[in-house]
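If you want the building blocks of each chain, they are given just below.
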Amino acid sequence: MDNQNLFAALRAAFPQDLSQIAIECADGEQPGAAYRWHDIDRGTAMLANLLASLGLPEGSRVAVQTEKSVEALMLYLAVLRAGYVFLPLNTAYQAAEIEYFIANAEPAVVVCAPKNFVWVSRIAFTAGTSHVFTLGEARDGSLLERAANCSDQHAPAVKHADDMAAILYTSGTTGRSKGAMLSHGNLLSNASMLKDYWDWQPGDVLIHALPIFRVHGLFVASHGALLNGSKMIWFNKFDPRAVIARLPEATVFMGVPTLYVRMLGESSLTREACRNMRVFISGSAPLLVETFDDWTRRTSHILLERYGMSETAMLTSNPCRASAGQRRRGTVGPALPGVGLRVMDDLGQPCAVDQIGHLQVSGPNVFSGYWRMPEKTREEFTDDGWFKTGDVGKIEADDYVTIVGRSKDLIISGGYNVYPAEIEGFINDMAGVAESAVIGVPHPDFGEAVVAVVVAKPGDAPDPAAMIASLKTAIANFKVPKKLFVVADLPRNAMGKVQKNLLRDQHRSLFN
Ligand code: AMP
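Rules and cut-offs
- Residues numbered from 1 in each chain as written.
- Predicted model: local features only at pLDDT ≥ 70, side-chain atom pairs only at ≥ 80, totals over all residues.
- Heavy atoms only, no water.
- Domains from an automatic or database assignment.
- Helix = DSSP H or I, 4+ residues; strand = E, 2+ residues; numbered from the N terminus.
- Pairing = 2+ DSSP bridges.
- Axes fitted to C-alpha atoms, helices over the stretch in contact; angles between N-to-C directions.
- 1 Å grid on protein atoms, 1.4 Å probe; cavity = no way out; pocket = protein on both sides within 12 Å on 5 of 7 lines; lining within 4 Å.
- Points joined across faces, edges and corners; volume = space filled by probe spheres on them.
- Nonpolar A, V, L, I, M, F, W, Y, C, P; charged D, E, K, R; others polar.
- Salt bridge = Lys/Arg side-chain N within 4 Å of Asp/Glu carboxyl O.
- Buried < 20%, exposed > 50% of the residue type's maximum accessible area, 1.4 Å probe, protein only.
- Expected span 1.5 Å × (residues − 1).
- Contact = heavy atoms within 4.5 Å.

Explain the domain arrangement of the protein chain residue by residue, including any values.
Taken domain by domain, the protein chain comprises domain 1 (6–237), domain 2 (331–406) and domain 3 (411–507). Centre-to-centre separation of domain 2 and domain 3, based on C-alpha positions: 29 Å.

Lay out unusual backbone geometry in plain terms, naming residues and giving numbers.
For E106, which is not glycine, the phi dihedral falls at a positive 45°. Within the secondary structure, E106 sits in the loop between helix 4 (95–105) and strand 5 (109–112). Even without being glycine, D399 reaches a positive phi, approximately 80°. Here D399 shows up in the loop between strand 18 (387–395) and strand 19 (401–406).

Got a sec to walk through the sheet that holds strand 16 (residues 357–362)? Specific residues and values, please.
The strand order across the open sheet formed by 4 strands is 15-16-18-19, and the pairing between neighbours is antiparallel. Across the chains shown, the open sheet's two edge strands, defined by having one partner strand only, are strand 15 (340–344) and strand 19. Neighbour-to-neighbour, the strand axes of the sheet open up by a mean angle of 45°, direction not taken into account. As defined by bridge partners, strand 18 adjoins strand 19 across 5 bridges and the pair is classed as antiparallel. The partner of K394 across the bridge, within strand 19, is T402.

Tell me about the sheet that holds strand 14 (residues 313–317), and name the residues and values.
Pairing is mixed across the open sheet formed by 8 strands, whose spatial order is 2-1-10-9-11-12-13-14. Every other strand in the sheet has two partners, leaving strand 2 (34–36) and strand 14 as the edge strands with one partner each. Here the strands of the sheet are splayed against their neighbours by 25° on average, with no regard to which way each runs. In this structure, strand 12 (residues 279–282) lies alongside strand 13 (residues 304–309), joined through 2 bridges in parallel fashion. When the bridges of strand 13 are listed, S282 appears paired with E305.

Got a sec to walk through empty space enclosed by the protein? Specific residues and values, please.
One pass over the full model with this rule turns up 6 cavities of 30 Å³ or more. Taken as a whole, the second largest cavity holds about 130 Å³ of empty space. Forming the walls of the second largest cavity are 15 residues, and the residues nearest its centre are C25, E29, Y35, E137 and N236. Residues belonging to the lining of the second largest cavity are distributed by class as follows: 6 nonpolar, 4 polar and 5 charged.

Which residues make up the pattern of salt bridges, and what values do they have?
Scanning the entire structure with this criterion turns up 31 salt bridges. Two residues, R81 and D41, come together in a salt bridge whose shortest N-O distance is 3.0 Å. Here R81, found in helix 3 (residues 70–82), pairs with D41, found in helix 2 (residues 37–53); they are 40 residues apart in sequence, far enough to count as distant. Assigned by exposure class, R81 and D41 land together as buried. Look at the salt bridges and you will find they share partners, linking E24, K231, R246 and E249 into a network.

Tell me about helix 2, and name the residues and values.
Because an α-helix packs 3.6 residues into every turn, residues spaced three or four apart end up facing the same way. For helix 2, spanning 17 residues, the distance from its first C-alpha to its last is 24 Å, which sits close to the expected 24 Å at 1.5 Å a residue. The buried count for helix 2 comes to 12 of 17 residues, which makes it a mostly enclosed element. Looking only at helix 2, the buried set comprises W37, I40, D41, G43, T44, A45, M46, L47, A48, N49, L50 and L51.

Which residues make up the environment of A209, and what values go with them?
With respect to the secondary-structure elements, A209 resides in the loop between strand 9 (205–208) and helix 8 (215–227). In sequence terms A209 and V498 are 289 residues apart; their C-alpha atoms lie 39 Å from each other. In contact with A209, not counting residues within four places along its chain, are K68, F235, F238, V243, F253 and L259.

As structure tokens, then:
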């Protein structure tokens, strides 16, 4: 059997001439620093050898919470190469969140930012992790120091297609986050199919400006460039003006809608700046038709919107080649080749063309289940093996899919997912709070903004500003409500269920 390790496939796609530039840093500690393909090969080999030297059991998880850097990407590739399981963590997560992930995933290795070593290592060692390394933005920290002593030759570990490659935590609609287990086969099948569908060309150059702890930046963007042997212009942080300044050197850009909105706010975004671009791809959150139209007006490029999720990687996409059809505003395009997509009604029966229902998917890209949560896994799959996405939409006669909403109680703010239940849990634990409801309302920059509506305990008068300040110390900033209201009571239906739709209507114009 040949090796189905995802890294082996990515490595095989490196250009013949390994002295070409693979990644050029656009910002960070060393703007202009260039990594050649042999640097990526050697660096990942050394890191893989370091991991191999630790004698970790098969299937060990390597949890990583570091700022974005090329070395952090190399660490991901090295974990694949060594055959372990990569577990990326949002850099915004705070101690209570990290404690949960480490307790749940039981990683053998944790890599964190040098400035967080004291508290992260305390959590990790308490939970039984055997190795904690640090990796900083300036190539500092113990990870690279230790790897520097390792050989730069390493044969990728032999993996089957269904061996686990990564766990991505997605927040749960109820309770805590669930770890979606993705295999080498899930990720490679999706990446190979997208290479063809998005028409990657020799000479393509990708601007990589997304975080690398989620599907979009870690898998879709990085795998796309690596599998095409394409150079990346690498931004550790997204800065609209700086990205626009580099567009003339690039051909492919991927972003969440908020990034497109921010670039539209810059006068330097012109047709001339985009003259060499082949495609701009948007996903992770709904793209407003105004953004779609504004982008075409300003740049003459038609944004390509696609749809996917942590559990499945990419599911649908508007066409890339003009001959394959038009990019239709307001839709996420047809199901990608090999992806099964169906719409079912509340009774589990197939919907007719154009009828709105629950989107369910199947295919080689769909994950195997949630880490150590067999119950949750069973709930999220149908009896005939389709995954319930929790998204609501319809399929037109010519197969284009439109997403109209979500049955899962999810807020997407600036491309980041926020589950109200988690935030309500934190708020309800605060002094003076009887109950709360967290909702998402339209926001011009973030798409949706998190808003909390709180009922005080009798005789108490909690201070909204103090509550927001306290939440900022407990949870990632993108989850903290932008506004918090203290009210007398929450609207409820006859069953006693809080009517969040009424709250959303009431606060619809808060930011517009
Ligand atoms: P995540 O697992 O964080 O990637 O979030 C996945 C969710 O983001 C999906 O289930 C959708 O609700 C939403 N999503 C992703 N792409 C799109 C899109 N193009 N339009 C609307 N919603 C999207």
